[in-house]
Amino acid sequence: MVVTGASSGIGAATVRRFAELGWQTVAVARREDRLRALAEETGAHAVVCDVTDEEQVTRLAAEVTATGGATGLVNNAGGALGVESVEHASNDDWRRMFEVNVIGLRSVTAALLPVLRVGARRTGWASILNLTSTAGHDAYPGGGGYNAAKYAAHAVTGVLRLELAGEPIRVMELAPGLVHTEEFTLNRLRGDAAEAARPYADVIPLQADDVARVLVGAFEQPPHVNQDLIVVRPVAQSSVFHTHRGPLVPRAE
Ligand SMILES: NC(=O)c1ccc[n+]([C@@H]2O[C@H](COP(=O)([O-])OP(=O)(O)OC[C@H]3O[C@@H](n4cnc5c(N)ncnc54)[C@H](OP(=O)(O)O)[C@@H]3O)[C@@H](O)[C@H]2O)c1
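Predicted, not measured: the structure shown is a model, and the values here were computed from it.

Draft legend 1. The arrangement of the sheet that holds strand β2 (residues 26-29) in detail. Pairing in this open sheet of 7 strands is parallel, and the strands run β3-β2-β1-β4-β5-β6-β9 from one edge to the other. With one partner strand each, in any of the chains shown, β3 (45-48) and β9 (229-232) form the two edges of the open sheet. The sheet shows a mean angle of 15° between the axes of neighbouring strands, taken without regard to direction. Bridge count for strand β5 (residues 126-131) against strand β6 (residues 169-176) is 6 bridges, and the pairing is parallel. Bridge assignment links Asn 130 to a residue of β6, and that residue is Glu 173. Sitting on the sheet, helix α5 (residues 144-163) is in contact with β5 and β6, with an inclination near 160° to β6.

Draft legend 2. Here's a closer look at a nonpolar patch on the surface. Taken together, the side chains of Ile 204, Val 235 and Leu 248 define a hydrophobic patch exposed on the protein surface, amounting to about 330 Å² of accessible area. Secondary-structure assignment places Leu 248 in the segment after β11 (242-243). For Leu 248, a relative accessible area of 43% translates into the label partly exposed.

Draft legend 3. Seen up close, the site of the ligand. Around the ligand, the structure places 30 residues, and the nearest of them are Ser 7, Ile 10, Arg 30, Tyr 146 and Thr 181. In the model, an oxygen atom of the ligand is placed 2.9 Å from a nitrogen or oxygen of the Ser 8 side chain. Within the side chain of Thr 181, an N or O atom sits 2.7 Å from an oxygen atom of the ligand. Contact with the protein chains covers 94% of the free accessible surface of the ligand, which is 880 Å². Sorting the residues of the shell around the ligand by element identifies α1 (9-20), α5 and α6 (184-188) as the ones contributing at least two each. Tallied by class, residues from the shell around the ligand come to 12 nonpolar, 13 polar and 5 charged.

Draft legend 4. Here's a closer look at the pairing of strand β4 (residues 72-75). Burial along β4 is two-sided: Gly 72 and Val 74 and Leu 73 and Asn 75, pointing in opposite directions, are all buried. In this sheet, β5 lies alongside β4 in parallel orientation, the contact comprising 4 bridges. Bridging across to β5, Asn 75 finds its partner in Asn 130. With helix α4 (residues 91-123) bridging β4 and its parallel neighbour β5, the resulting β-α-β unit is right-handed.

Draft legend 5. Just the pattern of salt bridges, in detail. Summed over the entire model, instances satisfying the criterion amount to 12 salt bridges. In this structure, Arg 36 and Glu 32 form a salt bridge, with 3.0 Å as the shortest nitrogen-oxygen distance. Here Arg 36 and its partner Glu 32 are both found in helix α2 (residues 32-42), 4 residues apart, which amounts to about one turn of the helix. Overlapping salt bridges bring together Arg 31, Arg 34 and Glu 183 as one network.

Draft legend 6. Fine view of the nonpolar core. By size, the foremost hydrophobic cluster in this structure holds 31 residues, and its most contacted members are Phe 18, Val 74, Leu 129, Leu 174, Leu 215 and Phe 219. Mapped by element, the contributors of at least two residues to this core are α1, β2, α2, β5, β6, α8 (208-220) and β9. No other element matches α8, which puts 7 residues into this core. For Val 74, the contacting residues outside a window of four places in its chain are Met 1, Val 2, Val 3, Thr 4, Phe 18, Leu 129, Leu 131, Leu 215 and Phe 219. In terms of nonpolar packing, the next biggest core, distinct from the first, is built from 26 residues, Ala 77, Val 108, Leu 116 and Ala 120 among them.

What counts as what
Residues numbered from 1 in each chain as written. Predicted model: local features only at pLDDT ≥ 70, side-chain atom pairs only at ≥ 80, totals over all residues. Heavy atoms only, no water. Pairing = 2+ DSSP bridges. Helix = DSSP H or I, 4+ residues; strand = E, 2+ residues; numbered from the N terminus. Axes fitted to C-alpha atoms, helices over the stretch in contact; angles between N-to-C directions. Contact = heavy atoms within 4.5 Å. Patch = residues over 30% accessible without salt bridge, like charges linked within 9 Å, V, L, I, M, F, W, Y side chains within 5 Å. Areas by Shrake-Rupley, 256 points an atom, 1.4 Å probe, with all protein chains shown as cover. Salt bridge = Lys/Arg side-chain N within 4 Å of Asp/Glu carboxyl O. Buried < 20%, exposed > 50% of the residue type's maximum accessible area, 1.4 Å probe, protein only. Near = heavy atom within 4 Å. Polar contact = N/O pair within 3.5 Å; in protein donor to acceptor, adjacent residues only side chain to side chain. Nonpolar A, V, L, I, M, F, W, Y, C, P; charged D, E, K, R; others polar. Right-handed = clockwise from strand over helix to strand, strands pointing away. Core = buried A, V, L, I, M, F, W, Y, C linked by side-chain atoms within 4.5 Å.

So this is what it looks like as structure tokens:
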């Protein structure tokens, strides 16, 4: 099982969850120190790779093959930059979001598909799961480039499922709502810790481990079961626009 974006948040929690259930994982990200620590903790094989660098992605595929192959891929590496309006956003931020959330996802998928086919010939099946977001399904003010990139990742997932029809390879999408990971909003808000804490204030968000359990659960289904799209939100968030702050209390009769 190859998991990109494994050095923090949902990716790291996913590697931990797979390891608990006895899956062999390849943990992929740019920060080597974090990957090494995760590998030591879980037994995962760490591969340092920037998914936006095609040569590094080619080397990743070769290393996965050399270390036993794979029957699963989780395209989780991604993130958001900025909350500026379409009118005032930076094209550089938009390019970086497209590079990692869309083109990186495509590169890794393309490089690993031959490896997954080898795995499918050996075991009968293979699986791909793409981490998009509810931001890939509902636009919101300030969502801008992140909305656009995740909508694109959603579209790519659908195209891929159609293109792989007839092969024993399922293509799944997991779209989480509000998840409190330590770096996602901090990176989006360029290190402003006070602002980054605001979306999680007085609300019960999902934790990385909640998402990892749902994600790994999709791989634990019988291999002919393809959960095309899984949307997971905290109970306190009934839509992108409705986040309940304060305690959740049953209404009086
Ligand atoms: N947190 C949320 O509320 C939320 C909600 C819905 C969807 N998501 C999506 O879920 C995924 C994980 O989010 P998260 O909250 O766990 O965020 P996170 O903690 O910031 O994790 C992002 C991961 O992606 C890796 N990464 C970033 N750029 C990369 C690159 N060019 N090459 C390789 N790895 C790269 C980072 O590691 P390195 O920096 O070490 O490379 C990190 O491990 C993302 O796709 C995100 O868009 C998050």
